[in-house]
Amino acid sequence: MNTDQWLADTRTSYDTVAVSYADQLREALAGEPYLRAALALFAELVHATGGGPVADVGCGPGHVTAHLHELGVDAFGIDLSPAMIDLARRDHPSLRFEVGSMTDLQLADASLAGLVAFWSLIHVPDDAVPTVFSHFHRVLRPGGPLLLGFHVGDESRLKTQGYGGHPMNVYVHRRQPDQVTTWLSDAGFTVEAHMLFDLDESVPGAVLFAHRQP
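Predicted model, so just to flag it, every value in this text is computed and none were measured.

Regarding unusual backbone geometry
Right, on to step 1. The backbone of Ala 110 sits at a positive phi, close to 55°, despite the residue not being glycine.
Right, on to step 2. Along the chain, the position of Ala 110 falls in the loop between strand E3 (97-99) and strand E4 (114-118).
Right, on to step 3. Ala 110 sits in the partly exposed class, given a relative accessible area of 34%.
Right, on to step 4. Of note in this structure, Trp 119 is not a glycine but carries a positive phi near 55°.
Right, on to step 5. Following the sequence through the fold, Trp 119 ends up in the loop between E4 and helix H5 (129-139).

Rendered as structure tokens:
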């Protein structure tokens with residue numbers, strides 16, 4: 001599948017489910033202590049490197065962006081879905097949100113103090129991940145922290161509906177932290193740590209901390 005097709009399918013799918021997705025995720029972080037801890041550590045790392053703008057790439061309805069803002073981070077959100085961005089702007093009118101793609105980030109080189117991609121890489125096919133990580137590297141300042149969250153596993157499956165039963169047409173890719181670490185290292189990142197959680201669930205999760213090499 002070419003880049004234009006999977007991006008178009010992802011955009012259409014999340015435009016379709018945007019309202020239901022936002023309703024389900026609005027308070028999701030309240031029940032996720034490990035994710036909140038990871039975001040708190042990320043915020044601490046951003047502050048330690050001098051602060052500055054931080055992009056939440058694949059921000060959806062903006063709940064992670066808003067949480068980072070509450071932690072004192074100058075966070076803004078980017079998402080492929082215009083409907084998601086409309087909801088993020090509605091729910092968090094004081095924050096900045098814009099439509100964009102992680103495959104072609106319209107941000108200046110070395111303009112970010114940090115970058116978060118929480119479960120937004122899961123629809124990016126393997127052959128496009130290096131391009132995405134090269135953009136993450138380009139827009140981050142040297143030493144800038146990167147926080148990724150993703151599904152753990154070794155398979156991809158087609159998701160045809162979700163979030164209230166609405167139709168979707170996206171592949172969900174599960175990956176091992178070692179594979180993600182290899183891609184990041186190849187892109188010029190130093191991986192510092194990863195954490196696995198929900199190990200008893202059918203689809204465990206992982207968060208991974210890295211920084212752009214000086």
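Some words on the packing of aromatic side chains
Right, on to step 1. Summed over all chains, the structure comprises five aromatic pairs.
Right, on to step 2. On the numbers, 4.8 Å between centres and 70° between planes, the contact of Tyr 21 with Tyr 163 is edge-to-face. Here the residue Tyr 21 occupies a position in helix H1 (residues 3-25), and Tyr 163 occupies one in the loop between strand E6 (156-162) and strand E7 (166-173), the gap between them amounting to 142 residues.
Right, on to step 3. Members of the aromatic cluster, connected to one another through ring pairs, are Tyr 14, Tyr 21 and Tyr 163.
Right, on to step 4. Lying across the ring of Phe 76, Arg 96 places its NZ or CZ 3.9 Å from the centre.
Right, on to step 5. The cationic tip of Lys 159 hangs over the ring face of Tyr 163; the distance from NZ or CZ to the ring centre is 5.3 Å.

Comments concerning the pattern of salt bridges
Working definition: two side chains of opposite charge can pair if their charged atoms are close together.
Right, on to step 1. Considering all chains together, one arrives at seven salt bridges under this definition.
Right, on to step 2. Of the charged contacts, one joins Arg 26 and Asp 23 as a salt bridge, the two residues approaching to 3.1 Å between their closest N and O atoms.
Right, on to step 3. Owing to a relative accessible area of 35%, Arg 26 belongs among the partly exposed residues under this scheme.
Right, on to step 4. Put simply, Arg 138 and Asp 109 hold a salt bridge, and the shortest N to O gap is 2.8 Å. A residue pair is termed long-range when its members are at least 10 positions apart, and Arg 138 in helix H5 and Asp 109 in the loop between E3 and E4 qualify at 29 residues.
Right, on to step 5. By relative accessible area, Arg 138 is classed as partly exposed at 24%.
Right, on to step 6. Note on Asp 109: relative accessible area 55%, which makes it exposed.
Right, on to step 7. Within this structure, Asp 23, Arg 26, Arg 90 and Asp 91 form a network of salt bridges that share partners.

A few points about the side chain of Asp 56
Right, on to step 1. Along the chain, Asp 56 turns up in strand E1 (residues 53-57).
Right, on to step 2. Buried charged residue Asp 56 carries no salt bridge. Nearest counter-charge: Arg 96, at 12 Å.
Right, on to step 3. Look past the residues within four positions of Asp 56 in its chain and what remains in contact with it is Val 64, Thr 65, Phe 76, Gly 77, Ile 78 and Val 116.

Let's talk about empty space enclosed by the protein
Right, on to step 1. Under the definition given, this model contains one cavity of 30 Å³ or more.
Right, on to step 2. Of the voids in this model, the largest cavity is the one considered here, and its volume is about 60 Å³.
Right, on to step 3. Surrounding the largest cavity, Leu 121, Ile 122, Val 129, Phe 133, Phe 150, His 173, Arg 175, Val 180 and Trp 183 form its lining.
Right, on to step 4. Contributions of two or more residues to the lining of the largest cavity are made by H5 and helix H6 (177-186).
Right, on to step 5. When the residues that make up the lining of the largest cavity are grouped by side-chain class, the tally is seven nonpolar, one polar and one charged.

Rules and cut-offs
- Residues numbered from 1 in each chain as written.
- Predicted model: local features only at pLDDT ≥ 70, side-chain atom pairs only at ≥ 80, totals over all residues.
- Heavy atoms only, no water.
- Helix = DSSP H or I, 4+ residues; strand = E, 2+ residues; numbered from the N terminus.
- Buried < 20%, exposed > 50% of the residue type's maximum accessible area, 1.4 Å probe, protein only.
- Phe/Tyr/Trp six-rings, centres within 6.5 Å; stacked < 30°, edge-to-face > 60°.
- Lys NZ or Arg CZ within 6 Å of the ring centre and 35° of its normal.
- Salt bridge = Lys/Arg side-chain N within 4 Å of Asp/Glu carboxyl O.
- Lys, Arg positive; Asp, Glu negative; His and termini not counted.
- Contact = heavy atoms within 4.5 Å.
- 1 Å grid on protein atoms, 1.4 Å probe; cavity = no way out; pocket = protein on both sides within 12 Å on 5 of 7 lines; lining within 4 Å.
- Points joined across faces, edges and corners; volume = space filled by probe spheres on them.
- Nonpolar A, V, L, I, M, F, W, Y, C, P; charged D, E, K, R; others polar.

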